[in-house]
Every structure is written in structure tokens, then in C-alpha cells.
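The lines below spell out each chain.
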Amino acid sequence: MASTPAEQQKKFWQQNKQLGRPVAPHLTIYKIDWHTLLSGTHRLTGFIMYVGLASISAATLMIPAAYPVWIAAIKTWPVAIPAIIYPCKFGASWTVFYHLLNGIRHIAWDFGKGFDMKIVNRTGYAVMAISLLMAAYATTIVPGM
């Protein structure tokens, strides 16, 4: 006689409890691979750029003065020092460069190229290294000089 889905589910959980199995894998037993980390980072950088652009856009619509007035005001803040400005510039530029380069990698995958794990790992290291170098260079650029 067939059992109901509820009975099957109850039996499943009882069996897992008797065998001492965890409900789901967790970080203490799951090894995060390089390509998994890069995939998560790609999603995170896309989300960060979206939130940043949406915030800047909303602020621009709500501020009572012109954009150059606000930039001039920000430059007068006492916190506008290199110890704060350069890490922020690096973080913002790395986010853009990483997402751009990893997006190019994803386009190659859309064409069916580079699915061998050696190539996936090599291109992942290349994307990370090149994006860090590009961000470091972009951080050193000073407008107007």
C-alpha cells in the first residue's frame, strides 16, 4: 500500500536523524572552490553597483542644488582625506573592473569556450589579478592633473 507524501517525508527525516545526518551542508563541512567564490563575487559586485547607482540617482533627484555645488561641498568635508578617499576609490573602481572582466569571461562561456576546469581557474586568476591592477591604477589617477 502506497504511503502519503507526508508519511514519506516523516520517514525520510526520521531516517536522517537516526543516521546522524545534518539537515543541510554548512560552511564547516563545505569547501568553497575558487570558481564558486568568483561566481558569488560577480553577483555581489553587480548588486553593489546597482545599489550605488540607484542611491546616487535618487540623491541627485532629491538634492536642492546643482551637482557641482554638492561636489564642492563634499570636498570641504574634513573627512575628505587620502586615508578615506583612496580606499573608497579603489573599492568602487575594483567593483566595476572585476564585474566587467568577469562579464567578458561569461560571454566566452555563452559561446561554449573555456569550460575546462584548468581554463576556468586560470581565467579566474587572470580576472582577479587584472581587475586589481586596473583598480590600483585607476585609484592613482587624480582629475585635473
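Residues numbered from 1 in each chain as written. Predicted model: local features only at pLDDT ≥ 70, side-chain atom pairs only at ≥ 80, totals over all residues. Heavy atoms only, no water.

Some thoughts on helix 4 (residues 82–110)
If you check helix 4, its first and last C-alpha atoms are 41 Å apart, about what 29 residues at 1.5 Å a residue would give, namely 42 Å. Among the residues making up helix 4, those that are buried are Ser93, Trp94, Thr95, Phe97, Tyr98, Leu101, Asn102, Gly103, Arg105 and Trp109. The positive-phi residue at the C-terminal boundary of helix 4 is Gly112, with phi of around 80°. (Helix = DSSP H or I, 4+ residues; strand = E, 2+ residues; numbered from the N terminus. Expected span 1.5 Å × (residues − 1). Buried < 20%, exposed > 50% of the residue type's maximum accessible area, 1.4 Å probe, protein only.)

Quick look at the side chain of Ser131
The topology assignment puts Ser131 in helix 5 (residues 117–140). One polar contact links Ser131 to Trp94, side chain to side chain, over a distance of 3.0 Å. A distance of 2.9 Å separates the side chain of Ser131 from the backbone oxygen of Met128, its partner in a polar contact. Excluding anything up to four places from it in sequence, Ser131 contacts Trp94, Phe97, Tyr98 and Leu101. (Polar contact = N/O pair within 3.5 Å; in protein donor to acceptor, adjacent residues only side chain to side chain. Contact = heavy atoms within 4.5 Å.)

Overview of the packing of helix 4 against helix 5
Between helix 4 and helix 5, whose axes approach to 8 Å, the crossing angle comes to 145°. Once helix 4 is placed against helix 5, the crossing between them reads as right-handed. Classifying every residue of the contact of helix 4 with helix 5 by side-chain character gives 16 nonpolar, six polar and two charged. (Axes fitted to C-alpha atoms, helices over the stretch in contact; angles between N-to-C directions. Left-handed = near helix turned anticlockwise from the far one by under 90°. Nonpolar A, V, L, I, M, F, W, Y, C, P; charged D, E, K, R; others polar.)

Some remarks on the confidence of the model for the protein
Caution applies to low-pLDDT parts of the model: their predicted coordinates are not meant to be read in detail. Looking at the protein, pLDDT values average 87 and 93% of them are 70 or higher. Looking across the protein, the model is least confident in helix 3 (residues 67–75), with a mean pLDDT of 79, and most confident in helix 5, with 95. (pLDDT = per-residue confidence, 0-100.)

Focus: the packing of aromatic side chains
Under the definition given, this model contains four aromatic pairs. Note on Trp34 and Tyr125: the rings are 4.6 Å apart at their centroids and 20° apart in plane angle, and the pair reads as stacked. In this pair, Trp34 sits in helix 2 (residues 34–62) while Tyr125 sits in helix 5, placing the two residues 91 residues apart along the sequence. Taking relative accessible area as the criterion, Trp34 reaches 23% and is therefore assigned partly exposed. (Phe/Tyr/Trp six-rings, centres within 6.5 Å; stacked < 30°, edge-to-face > 60°.)

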